[in-house]
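Summary of the model geometry
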Amino acid sequence: MWTTATAWSAAFLVSCELAGALAAPLAAQGNVRRDCLADTIARLSEGEIGAAWAGRRPGEVWSRLAPLRRQGRWGALADSIAAQFEQAGVTGEIGRRFAIELDSLRIDLGRVERDRDYRLNGGVDTRRFNLSEENDPVERFILFDRAGHADTVEVRDATPQPIRRAICWTAITARIALVAAADSARWRLVDALERRVKRWDNFRDKGYSMFPLELVLNGACTICRPPLEPPRWQVVALHLSPAIELAGQTWNDRARLDVLALEPLGLIRYNADRTWYAGVSAVATFASNAPTGAGVLAHVGQVGTAGYVFRRRDANGKRRDGVLLSLDLYRFISGLPAAFKQDRGAAVQLLEQCAGAMTKSACAAPANP
Amino acid sequence: MGVNPPGWSHSIVDKLDEVTARYDKFTGEDKAFSSRVRIEEICYDPIFDKYILQWAKTLEELRAFATNNAIDLGRTLTLLTDGTLPQDRSNVFWTTLIDPLFWRGSPIVRDDVTATVMAQLARGISQHLDTLADGETLDVSVMSHSLGTTVMHDALAHLGSEPFEGNESLTSAKYQFDNFFTVANVSLLGPPPLVHIDPFTSVVRPKTAPPLASKLDPYCTRFYNFRHEFDPFAQWQPFKPTGWGKNFIVPGGINHVHDVNVHGYTHYLDHPIVNSAIINRLIDLQAIPDAELKRTVAAYPRLAPPACNTAYTNMLSAFKALCDTNFSSPGNLDEIIANGVAFYKAAKQGVDDCHGLVSSIPGIV
């Protein structure tokens, strides 16, 4: 059997973490890579860092900012990052452009602190300080390279080290801060998306099954469901299923008929979680030994379907209408007397056993095989 | 399409480890790739399976009922199994070609799958971000193959362009993926009216692409499109946007045959043009220098094993003819499925002609 010949595989996500990604010798790294790759920066020795830059690497700064982070003082945290950059004294056009973005960082994080909705709904732009590495035609790191944004900043080997470090180290710290400020919003999003997946799971596992035509019809019905949500209303159309009909002239002479039930049209309504549904369909039943019947069918979630079917008079002039049950419901109902009988038998056996028992342990329900 | 249960990506990761270790910088390393990146598998195949199972189960009940009760259901069963669906090759159809048909033909199945993929993406990103140590940053790339390129495109397009329940933390205005690698991109394959989200105008574009009329931001820094010259699925309606700039990368020269399944994921990844781009972008931009790459590509055999010349000639001419197929209407699903079966037959014929040919297609050995 051919199963994966064309292998239309699922996709997968690769997350590339800069830190720890590559254990290349530092000496092999170019100047700009040593100062702008997060993992490389983390591995710089004290001698390579120098006294002037001691304690100013992104990891160290971020550790020091932990109390502010825990207290939710995002505004103060942004001020601290900006102050670090100002301390480096980067002037000129690069300094001006970077300072503008730091002002935006202050505004963004200040709002995170003040505005609960902004914080919980993911208002923070986490892309702002993304550092993009390019090596064509020369090795460089680019900041603020966004659509419609002309004020990019580039750092190259030729950029003086203090400027390289001020730009890259501050950018990395700022990026980490923005991502952290968006944490709660991102997890709220995950929860919301997973609740929707749960609704789909319920719909798929507990909903009324659909034939191809119904899949198409219900898919096309835009008023039956919100975008990307499972149907709240489900159209039943030309739905075929085996069923049991209890047909006869009176309740007492009803006999079982195995029928094929065809629901030409119906409508089902789901609850919000898609764990339960109810609906009504028109139904026609076909049996090998009885005239065609027509009636109404009610759907009640996992309980099953039940309905009433009318029949025209047969050759003897008798009309044998029927109660229609889904197979599941019929099995459940027809199994009740047997189950009751079985339970009753077990109970009697237990009573007899206990009546003659000398000890409590001897009076125990029979173990399940 | 096909069988991709949870854990399906192990063979892909193994292949990436193997090809990474071929380069000087990683020679002899066992987990050269997977020890340097964190990999999160996205899996949606069980959803397709459940819908298919639902159908099959119902049909079995119907068939048994018809037999037991001497009711003629022949036409109904024919309609349900073959009539509304492409003709014959029911095994091939039910096991491999049904997924794309579901995807294009049923908005319910498509939305179910899309919603699941979106949630997995969001959880994967959030979990990885939570595990970062102080000073670490995270760049996220997405790699997908075949139907996965379409599924992932649509999931990203929704995630990137629409706040969900008011939450915009992963929209393209607030978040950006690093690389989107598409292997055998089929995001345009199918009848145009059934292509749910136009990949030319969605947010799933590199940052060098022209601005969208919707003013939404591009969702990824770079967009890679790997397309094999003899892969009919990737050639029938190739994804070829124009003017997307230098960050839309379509490497040429992918025309090797080391397996009769030229559409296969691992077959694509085996080629140095494909794997070097992925390795350089995900591990280290300087991991494979240009000189080494040129040397590796030059030494890479186009056909392997080499001793099946006639079989190669026949099989490749069949693949080429399939690639050049003119459909009666663009993306006619019925014809795509029929040609998919023809692709299978050509691959099988190749193996029959020369048993030395490698096949990753179960059933063709």
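Structural data are supplied above this passage.
Summary of the structure given here. Treat the numbers as computed from the prediction; the structure is a model and nothing was measured. (Residues numbered from 1 in each chain as written. Chains lettered and ligands numbered in written order. Predicted model: local features only at pLDDT ≥ 70, side-chain atom pairs only at ≥ 80, totals over all residues.)

Broken down by element type, chain A carries 12 helices and 10 strands. Counting across all 369 residues of chain A, residues that qualify as buried make up 37%. Considering only residue pairs separated by 6 or more positions, chain A has 52% of its internal contacts joining residues 24 or more positions apart. (Helix = DSSP H or I, 4+ residues; strand = E, 2+ residues; numbered from the N terminus. Buried ≥ 20, exposed ≤ 12 C-beta atoms within 10 Å, placed from the backbone. Contact = placed C-beta atoms within 7 Å.)

Looking now at the sheet that holds strand β4 (residues 153-156) of chain A. All names here are of chain A. One open sheet accounts for three strands, arranged β2-β3-β4; its pairing is antiparallel. Each edge of the open sheet carries a strand with a single partner, namely β2 (132-134) and β4. Put simply, the sheet's adjacent strands are angled 25° from each other on average, direction ignored. The sheet contact formed by β2 and strand β3 (residues 140-143) spans three bridges and is antiparallel. Among the inter-strand pairings, Glu 134 is bridged to a residue of β3, identified as Arg 140. Sheet strands in contact with helix α9 (residues 161-181) are β3 and β4, and its direction is about 120° off that of β4. (Pairing = 2+ DSSP bridges. Axes fitted to C-alpha atoms, helices over the stretch in contact; angles between N-to-C directions.)

With 21 residues, helix α12 (residues 333-353) of chain B should reach 30 Å at 1.5 Å per residue; the first-to-last C-alpha distance of 30 Å fits that figure. All of the buried residues in α12(B) are Leu333(B), Ile336(B), Ile337(B), Gly340(B), Val341(B), Phe343(B), Tyr344(B), Ala347(B) and Gly350(B). (Expected span 1.5 Å × (residues − 1).)

Attention now moves to the environment of Gly252(B). Inspection of the secondary structure puts Gly252(B) in the loop between β5 (248-249) and α8 (265-270). Between the C-alpha atoms of Gly252(B) and Val274(B), which are 22 residues apart in sequence, the distance is 9.5 Å.

Moving on to the pairing of strand β6 (residues 255-270) of chain A. Residues and elements named next belong to chain A. Where strand β5 (residues 233-248) and β6 come together, 14 bridges link them in antiparallel fashion. Its bridge partner lying in β6, Ala 237 is registered against Leu 265. Counted along the chain from β5 to the antiparallel partner β6, the turn is six residues long. Bridge count for β6 against strand β7 (residues 277-287) is eight bridges, and the pairing is antiparallel. Looking at the pairing, Ala 261 lines up with Thr 285 of β7. What sits between β6 and β7 in their antiparallel hairpin is a turn of six residues, with Arg 274 showing a positive phi close to 65°.

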